[in-house]
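Summary of the model geometry
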Amino acid sequence: ETGVTQTPRHLVMGMTNKKSLKCEQHLGHNAMYWYKQSAKKPLELMFVYNFKEQTENNSVPSRFSPECPNSSHLFLHLHTLQPEDSALYLCASSQDADQPQHFGDGTRLSIL
Amino acid sequence: QKEVEQNSGPLSVPEGAIASLNCTYSDRVSQSFFWYRQYSGKSPELIMSIYSNGDKEDGRFTAQLNKASQYVSLLIRDSQPSDSATYLCAVKLNFGNEKLTFGTGTRLTIIP
């Protein structure tokens, strides 16, 4: 298996549910990212981890909680989400901060 | 003013012609520039990266950068129907900074 893998591909949840998105990269990269992609809006950077340390939190609400247990895995824990949080959530990785980022296929999240 | 600006399109180009995609950015000290292609329902895929003024060619793709005019473009020669996608321009502020700022993307349709 190669590249950046995200699970699940689709997720429907109620506003009071707790769920987690998972990202795994098999590229030996040291930096991992979470992005949100909504219709008609640019990709929005949410979090950055570099060598397992969080280096960027782009003013993301606390109902989104990232976790990076090692350089290959990244999670996004979701709790008490709002309908406006429905979007495509993309994970990306790069060798380091200066190298291009490679994206996973994303998780399409729908909040009821 | 948007940080990275692209014409959302749609841009329609006949098969075999040259497709020209444009992007402007607001931060004069930006150092790294990327073009991603995103098919509907898929993740962004890196096509080109460019760091210096001038042209960079890779197969049918040419990226052009003009830092003085804060302008980066992507030319696609001999356009094919498989080139139909949304093209995202992304800009990185400086080396060592992980944050990548995206435009909203230009939707390109190649007409057979």
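The rules behind the values
Residues numbered from 1 in each chain as written. Chains lettered and ligands numbered in written order. Predicted model: local features only at pLDDT ≥ 70, side-chain atom pairs only at ≥ 80, totals over all residues. Heavy atoms only, no water. Salt bridge = Lys/Arg side-chain N within 4 Å of Asp/Glu carboxyl O. Helix = DSSP H or I, 4+ residues; strand = E, 2+ residues; numbered from the N terminus. Buried < 20%, exposed > 50% of the residue type's maximum accessible area, 1.4 Å probe, protein only. Contact = heavy atoms within 4.5 Å. Buried area = accessible area lost by both parts, 1.4 Å probe. Polar contact = N/O pair within 3.5 Å; in protein donor to acceptor, adjacent residues only side chain to side chain. Phe/Tyr/Trp six-rings, centres within 6.5 Å; stacked < 30°, edge-to-face > 60°. Lys NZ or Arg CZ within 6 Å of the ring centre and 35° of its normal. Pairing = 2+ DSSP bridges.

Here we look at the pattern of salt bridges
Residues and elements named next belong to chain B.
- Per the counting criterion, the structure on display carries five salt bridges over all chains.
- Here R60 makes a salt bridge to D83, at a shortest N to O gap of 2.9 Å. Separated by 23 residues along the polypeptide, R60 in the loop between β6 (54–58) and β7 (61–66) and D83 in the loop between β8 (71–76) and β9 (85–92) bring together distant segments of the chain.
- R60 gets classed as partly exposed once you look at its relative accessible area, which sits at 26%.

Quick look at the interface of chain B and chain A
- On the chain A side, the residues contacting the 20 residues of chain B number 23 residues.
- Area buried by chain B at its contact with chain A is led by E98(B), K99(B) and F102(B), which between them contribute 35% of it.
- The interface formed by chain B and chain A holds zero salt bridges in total.
- Where chain B touches chain A, the interface holds four residue pairs in polar contact (both at pLDDT 80 or more).

Details of the packing of aromatic side chains
- All chains considered together, the criterion is met by nine aromatic pairs over all chains.
- Between the aromatic rings of F34(B) and Y51(B), the centroid separation amounts to 6.1 Å while the plane-to-plane angle is 90°, which identifies the pairing as edge-to-face. Taken together, the residues F34(B) in strand β4 (residues 32–38) and Y51(B) in the loop between β5 (45–50) and β6 connect sequence positions 17 residues apart.
- Overall, the relative accessible area of 1% leaves F34(B) in the buried class.
- Connected via pairs of aromatic rings, a cluster forms that spans Y33(A), Y35(A), F103(A), Y36(B) and F102(B).
- Across the ring face of F61(B), the terminal group of R60(B) is positioned such that the distance to the ring centre comes to 5.6 Å.

Considering the environment of T62(B)
Residue and element names in this part refer to chain B.
- Along the chain, T62 falls in strand β7.
- Considered as a pair, T62 and L74 are twelve residues apart in the sequence and their alpha carbons are 5.7 Å apart.
- Residues contacting T62, with those up to four places away along its chain left out, are M48, D55, K56, E57, S73, L74, L75 and R77.
- Polar side-chain contacts of T62 include one of 2.7 Å to the side chain of R77.

As for the pairing of β8(B)
All names here are of chain B.
- Summarising burial for β8: five of the six residues are buried, a large majority.
- Bridge analysis of β7 against β8 gives six bridges, and the strand direction is antiparallel. Residue T62 lies in a different strand from β8, and its bridge partner there is L75.
- In textbook terms, the turn of a hairpin is the stretch between consecutive antiparallel strands, and for β7 and β8 this stretch comprises four residues, one of which, Q70, has a positive phi near 55°.

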